[in-house]
Amino acid sequence: MKLTNRLALTVAACGVATTAFAQDSVSPTGALPGDALSVYDASESCNSYVIDATDFAASWGTALRMAPVIKSPRMPNTTFFNNLISAHAISHDVITASAFPVSSYQHWTTPGAGINNQVNTTPGSVNVSGSSLQFAVTLADFGTSFEGSSYNGIHSAVVNVDPTDDSRLYVHRVSTAVNGVSGTENRSQFGVGVIDANGNMHYRADDNLTTGPNKLLEDNIFRTRILSRACGSLNVIDNAGGSDATNWLVVRSVTAHGVPNAIPQSIAGRPVYGGVNFNVQYGYEVAAGTVVYTGSHTGGAANSRGSNGASITPWFGGNGVTAYALQAKSVNADTDGISVWDADANGNVTTARLLLVPCAPGQAGTVTDNNDGYVIGATGGSPGWDLDGYHSQTAFRGGTGSAAITVGPTGERLVASTAYDNLIGGNDNPSNAIVVGKHNTGAGTTAWTLAGYYDAAADQGKEIKDGPGGNVIGVMTGMFKVSGGSPLGPSISQPAFDCAGNVYFVAAAELYGDLGSDFDVCLLRAVYDQATFSYELELIATSGDVYAGNNSGTPYSITFIDLTDSDSISSGSFYASNVMGACWGGTDPADLDGSTDPRAVGGVVLNARITYDTDGDGQFDNTLDENYRSLLLITGTGLASDPCDYADFNNDGVVNTQDMLAYLNAWSTGNIAADCDGSGAVNTIDFLCFLNQWAACR
């Protein structure tokens, strides 16, 4: 199989005409200022639109779908197409039978159409009714206004899917919170948080460098109910609280709080805030709007670091409805463990336990990769690898979940976090690994392995493959090899679990190709082998990938994936809250056909810059074409099927040049067999659809 979905040169060579894209859209002019919504335009505070996701295959052939589900808005009068994205998240839960939040969604298939009333041509619409799947996504965006103030906002969406056509996404996007009404104001600053499938968005707000009228004071936790927002207004967060559909949960605390987590409404019957502060306390919403604190969550740890990740399934049974995980210190020297605790429907701690990581300096042990035998820890001159990725702005701006936690398909209790090699040290340490623990709740013991690693001292990284036990198509590497030396690292984000126990993370990689190595930042999936408690790496997405657009026929390329800032992991990178804990469509994990079943991917969100080929030359040029910071949504499919069946167009059992020629013959004559996207018509979109599948399955 080919390692990526890179189509730019092929599209140019074939002379495929391109048109303008739709949220998933570009302006009719194809140039600045583009068509991103204005951050202060209250008339655009709610938008409902359709996105038809693009099918693609990961390096193992896993059938997935991609959609740019939310485009970051734009500051007025700037020279950028839209704002940068900070922390972002997807709901950990999914509602399997929900009414659509609105009855009509905008829909377009023509160039230049979209949701911006000031720029785009007017789109059409589709009406909906009945029951649907429902989940939610959210992002924080930021920028400097023309007047010099620091803008910050949060934008969220409830996404609904008709189970009879799970490639079509019905997106209801809501401006969730802003820190002012004009570019002269900076009343508050935000840190995302988490959102649940009912649209309850939890976030942090503080007074860091704030200016303007009635600015917010101290540390605060808010919840905005996005489906209750009054469309046509802005929800301004300042020292009076929120102006619309917002609960003020932690009010002007002088104790520093990290970004919040929460128990979803679908699990607890109401949304229940649960987060940590810098006094080694867990705060939780014991009754609606009432937050209390305890230290009983640590399992005996002396201190904690980062923000807590969550599972939609409890670990220890009893009255627990969810489980949380948090990086911890058994002593004050090293972050050498993970505190795990169950919480009941009111957030109360029911059971807590500290899991010590043997590779940390204070533990003086090692962790071995059960797949390839690589060892990290107190060996080879290193004093050990302790847990990290919580430094700089991450506690205050997010993302959420410096430790990930789940319950596997057959009940195995899994945790994961990122470790840094103390031989090198520093917040921008490029030598990192994903450690995964499997805990026996009865015996109280934990086995450990690695899902991924890059050892800068040995210049060795875990291999990326084209299938289980397959060919090596690349290796994990140091961030400095991608950046040219600054920053040095980190080279790996925090991890996240899907419902099958697979681990996702963003990392620097060296990818092998016909023309030599390519150094990129990638989204990787460590595929879980339950029998051997080991992981092999699958490439999901990387800079340079190109995807066909099903709404307008224009390809877009991923031209940047966020991993680091100047001195640490970026708030806009990948955390435990970036992956849905539920399987696609609420499938029972026990019904999956192994870890590679596409239904294991309930949903993944990725912060990326995507560039549209607006001038139709087959290239993706950030100076000539429109480019936007977007929240990419990756999902599985509703069926467990071989994604390479269609790419084998001549049905001879292999995917090669003969299949491309056979497809081109059918496509050029309008043969309905060339209807790759199942739309009933044979057009350019079908060619791009087939090219995407064929390139991934060779």
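Residues numbered from 1 in each chain as written. Predicted model: local features only at pLDDT ≥ 70, side-chain atom pairs only at ≥ 80, totals over all residues. Heavy atoms only, no water.

### Re the state of the cysteines
In plain terms, the rule: The disulfide criterion used throughout: a pair of cysteine sulfur atoms within 2.5 Å. The helix count covers DSSP runs of H or I at least four residues long, the strand count covers runs of E at least two residues long, and both are numbered beginning at the N terminus. The classification of residues rests on relative accessible area computed with a 1.4 Å probe and restricted to protein chains. Under 20% of the type maximum is buried, over 50% is exposed, and intermediate values are partly exposed.
The full count for this structure, using the stated rule, is three disulfides. Put simply, Cys-46 and Cys-231 are joined by a disulfide, and their sulfur atoms are 2.0 Å apart. Taking the sign of the S-S torsion, -90° for the link of Cys-46 and Cys-231, the bridge is left-handed. One end of the pair, Cys-46, is in strand E1 (residues 46–52); the other, Cys-231, is in the loop between strand E13 (219–225) and strand E14 (237–238), with 185 residues separating them in the sequence. Note on Cys-46: relative accessible area 15%, which makes it buried. With a relative accessible area of 49%, Cys-231 lands in the partly exposed category. Linked covalently through their sulfurs, Cys-499 and Cys-583 form a disulfide whose S-S length is 2.0 Å. Torsion about the S-S bond of the Cys-499 and Cys-583 cystine: about 105°, corresponding to right-handed handedness. Note that Cys-499 is positioned in the loop between strand E35 (496–497) and strand E36 (503–513) and Cys-583 in the loop between strand E40 (556–561) and strand E41 (604–612), a separation of 84 residues in sequence. Cys-583 matches Cys-499 in its accessibility class, with the two residues each being buried.

### Side note on the packing of aromatic side chains
Heads up, the rule is: Ring geometry is summarised as follows: Phe, Tyr and Trp rings, the Trp one being its six-membered ring, pair when their centres sit within 6.5 Å, and such pairs are stacked at plane angles under 30 degrees, edge-to-face over 60 and tilted between the two. Put simply, a charge is over a ring when the Lys NZ or the Arg CZ is close to the ring centre, within 6 Å, and near the line of the ring normal, within 35 degrees.
Tallying each qualifying case throughout the model produces 26 aromatic pairs. For the pair Phe-100 and Tyr-170, a centre-to-centre distance of 5.3 Å together with 80° between the ring planes defines the contact as edge-to-face. Placement of Phe-100 in the loop between strand E5 (95–99) and strand E6 (104–107) and of Tyr-170 in strand E10 (residues 168–178) is noted, with a sequence separation of 70 residues between them. Of the aromatic side chains, those joined through ring pairs into one cluster are Phe-56, Phe-81, Tyr-547, Tyr-556, Tyr-612 and Tyr-628. Lying over the aromatic face of Tyr-628, Lys-71 brings its terminal NZ or CZ to 3.7 Å of the ring centre.

### A closer look at unusual backbone geometry
In this structure, Gly-399 follows Gly-398 across a cis peptide bond, with omega equal to 5°. Within the fold, Gly-399 resides in the loop between helix H3 (394–397) and strand E28 (403–407). Each neighbour pair has its own omega, and for Ser-486 with Pro-487 the value is 0°, a cis peptide bond. On the secondary structure map, Pro-487 appears in the loop between helix H4 (479–483) and E35. Unusually for a residue other than glycine, Asn-214 sits at a positive phi of about 50°. Counting through the fold element by element, Asn-214 comes out in the loop between strand E12 (200–206) and E13. With a phi angle near 50°, Ala-245 is a residue other than glycine that sits in the positive phi range. Relative to the assigned elements, Ala-245 resides in the loop between strand E15 (241–242) and strand E16 (246–253).

### Regarding helix H6 (residues 684–697)
Applied cut-off: The span one expects for a helix is its residue count, reduced by one, times 1.5 Å.
The terminal C-alpha atoms of H6 lie 20 Å apart, and with 14 residues this matches the ideal 20 Å at 1.5 Å per residue to within 8%. Taking burial as the measure, the 14 residues of H6 include 13 buried ones, the bulk of the element.

### Focus: the sheet that holds strand E17 (residues 261–263)
Defined as follows: Strand pairing is defined by DSSP finding a minimum of two bridges between the two strands. Axis lines are fitted to C-alpha atoms, over the contacting stretch for helices. Their N-to-C directions set the angle, which ranges from 0 to 180 degrees.
Read across the sheet, four strands follow the order E17-E18-E19-E20 without closing on themselves; strand pairing throughout is antiparallel. Two strands in the sheet have a free side with no partner beyond their single neighbour: E17 and strand E20 (290–294). Direction aside, neighbouring strands of the sheet carry axes that sit 30° apart on average. Sheet topology places strand E19 (residues 282–287) next to E20; five bridges connect them, and they run antiparallel. Along E20, the bridge assignment pairs Tyr-284 with Val-292.

### Thoughts on the sheet that holds strand E22 (residues 322–329)
If you trace the four strands from one edge of the open sheet to the other, you get E21-E22-E23-E24, paired in antiparallel fashion. Strands with a single pairing partner mark the edges of an open sheet, and in this sheet they are strand E21 (303–311) and strand E24 (349–356). On average, adjacent strands in this sheet sit at an angle of 20° to one another, irrespective of strand direction. In this structure, E22 lies alongside strand E23 (residues 337–343), joined through seven bridges in antiparallel fashion. Looking at E23, one finds that Ala-325 is bridged to Val-340.

### Observations concerning the pattern of salt bridges
Under the convention used in this document: By salt bridge we mean one thing: a side-chain nitrogen of Lys or Arg within 4 Å of a carboxyl oxygen of Asp or Glu.
The full count for this structure, using the stated rule, is 17 salt bridges. Asp-459 is paired through a salt bridge with Lys-481; the nearest N and O atoms lie 2.8 Å apart. A residue pair is termed long-range when its members are at least 10 positions apart, and Asp-459 in the loop between strand E31 (445–455) and strand E32 (460–461) and Lys-481 in helix H4 qualify at 22 residues. On the accessibility criterion, Lys-481 (30% relative accessible area) is partly exposed. Between Glu-536 and Lys-465 there is a salt bridge, and its shortest N-O distance comes to 2.8 Å. Of the two residues, Glu-536 sits in strand E38 (residues 534–542) while Lys-465 sits in strand E33 (residues 463–465), which places them 71 residues apart along the sequence. This pair shows no difference in class: Glu-536 is buried, exactly as Lys-465 is. In the salt-bridge network here, residues are joined through shared partners; they are Arg-204, Asp-206, Asp-219 and Arg-397.

### Brief notes about the environment of Ala-325
Our working rule: We call two residues in contact whenever any of their non-hydrogen atoms come within 4.5 Å of each other.
Within the element layout of this structure, Ala-325 appears in strand E22. Judged by its relative accessible area of 0%, Ala-325 is buried. Separated by 286 residues in the primary sequence, Ala-325 and Val-39 have C-alpha atoms spaced 35 Å apart. Discounting residues that sit within four places of it in the chain, Ala-325 has contacts with Ser-307, Asn-308, Gly-309, Ile-338, Ser-339, Val-340, Trp-341, Ala-403, Ala-404 and Ile-405.

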